[in-house]
Amino acid sequence: MTPWTDSDIQLYSSIFDIADSFVGKQVNEITFYLDYNAKNFTEQPNEYGKSLLNGLDLKINDQFYSIGNRFTEAGYGLAISKGWTSEFEYIEIGKRPTNYPSILIGQMIKSVDIYWMKVPFEGAIGYYPQEIEFTTENGFLLISSIEVNHSEVNTEFTNEILLVDNKDAGQQLKLGRYGVTDNGRECFKTFEELQQADKRNWC
């Protein structure tokens, strides 16, 4: 039997509930926290997307939400929280909130999918959110808990974020939907689906 506690159930079910609540609503703003000298909206330059060391804020239907690496106690894995990133993470002095001019701004969200991976620690059992993917009328935005070093994407399950807004880059890196077949990603549409998959891992 899977040892699910009440706090586990609340943690896992809440991310599905919040993601589901976004569908049909409008993206008003996307905000990064960047140093004054950051160029091209990224802290680690790379050809794939925008690399961030803090979480980011989404303003959706005039409500604010933060996506950051806070799902596990180690500070890894993506979490969605109602509020601003500065409420959940330490923002270094000198960083400032900066609006990111995404194609999603002003569009309605059609779907939000969460892509899960198994916790990679030896002996650990369970899943964490590796990617969260937003689709609008004609836009795509994928947020991944992945690290960029020397312009290369090389480490999953980190405290860094890579934001990708074109499907070609997502496909090249096998992130999200493109990593389901052979890159360890799993997509569960409901909390109950994830819970059943986790129970199978304990058998």
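Residues numbered from 1 in each chain as written. Predicted model: local features only at pLDDT ≥ 70, side-chain atom pairs only at ≥ 80, totals over all residues. Heavy atoms only, no water.

Undergrad: How should the overall build of the protein be read in this particular structure?
TA: Helix and strand counts for the protein come out as three helices and 13 strands. Its C-alpha atoms give the protein a radius of gyration of 16 Å, within 12% of the compact-globule value 17 Å for 203 residues. On the principal axes, the C-alpha backbone points of the protein span a range of 50 × 35 × 35 Å. Per-residue burial for the protein yields a buried fraction of 51% across its 203 residues. Across the protein, every contact between residues at least 6 apart in sequence was considered, and the portion connecting residues at least 24 apart equals 62%. Taking the 17 positively charged and 30 negatively charged side chains of the protein as two groups, their mean positions are separated by 5 Å. (Helix = DSSP H or I, 4+ residues; strand = E, 2+ residues; numbered from the N terminus. Rg over C-alpha atoms; globule rule 2.2 N^0.38 Å. Buried < 20%, exposed > 50% of the residue type's maximum accessible area, 1.4 Å probe, protein only. Contact = heavy atoms within 4.5 Å. Lys, Arg positive; Asp, Glu negative; His and termini not counted. Charge placed at Lys NZ, Arg CZ, Asp CG, Glu CD.)

Undergrad: Would you explain the environment of Asp 57 in this entry?
TA: Along the chain, Asp 57 turns up in strand S3 (residues 56-60). According to the relative accessible area criterion, Asp 57 is buried, its value standing at 3%. Taking C-alpha positions, Asp 57 is 20 Å from Tyr 128, a pair spaced 71 residues apart along the chain. Beyond its immediate stretch of four places on either side in the chain, Asp 57 contacts Glu 29, Ile 30, Thr 31, Tyr 33, Tyr 65, Ser 66, Trp 84 and Thr 85. Among the polar contacts listed, one links the side chain of Asp 57 to the side chain of Tyr 33, at a separation of 2.6 Å. In terms of polar contacts, Asp 57 uses its side chain to reach the side chain of Thr 85, at 2.7 Å. (Polar contact = N/O pair within 3.5 Å; in protein donor to acceptor, adjacent residues only side chain to side chain.)

Undergrad: Sorry, what's going on with the pattern of salt bridges here?
TA: Side-chain pairs of opposite charge can arise where the charged atoms are in close proximity. Taken as a whole, this structure holds eight salt bridges when the rule is applied. Across the salt bridge formed by Arg 185 and Glu 131, the nearest N and O atoms sit 2.8 Å from each other. Placement of the pair is Arg 185 in the loop between helix H2 (167-173) and strand S13 (186-187) and Glu 131 in strand S8 (residues 127-136), with a sequence separation of 54 residues. Given a relative accessible area of 2%, Arg 185 falls into the buried group. (Salt bridge = Lys/Arg side-chain N within 4 Å of Asp/Glu carboxyl O.)

Undergrad: Could you clarify how one ought to interpret the confidence of the model for the protein in this entry?
TA: As a general rule, the predicted coordinates of low-pLDDT regions are not to be interpreted in detail. Across the protein, the average pLDDT comes to 90, with 95% of residues at 70 or higher. Within the protein, no element has a lower average pLDDT than helix H3 (residues 191-202), which sits at 78, and none a higher one than S3, at 97. (pLDDT = per-residue confidence, 0-100.)

Undergrad: I'm lost on the sheet that holds strand S4 (residues 63-69) in this one. Help?
TA: Within a sheet, neighbouring strands are paired by backbone hydrogen bonds and run either parallel or antiparallel to one another. With respect to topology, five strands assemble into an open sheet ordered S5-S4-S3-S1-S6, the strand pairing being antiparallel. Here the strands that pair on one side only, and so sit at the sheet edges, are strand S5 (78-82) and strand S6 (95-99). Strand-to-strand, the axes of this sheet are offset by a mean angle of 25°, without reference to chain direction. One ladder, built from five bridges, connects strand S1 (residues 27-35) with S6; its direction is antiparallel. Each bridged residue has a counterpart across the sheet, and for Leu 34 the counterpart in S6 is Arg 96. Together, S3, S4 and S5 form the strand contacts of helix H1 (residues 6-22), whose direction differs from that of S5 by roughly 65°. (Pairing = 2+ DSSP bridges. Axes fitted to C-alpha atoms, helices over the stretch in contact; angles between N-to-C directions.)

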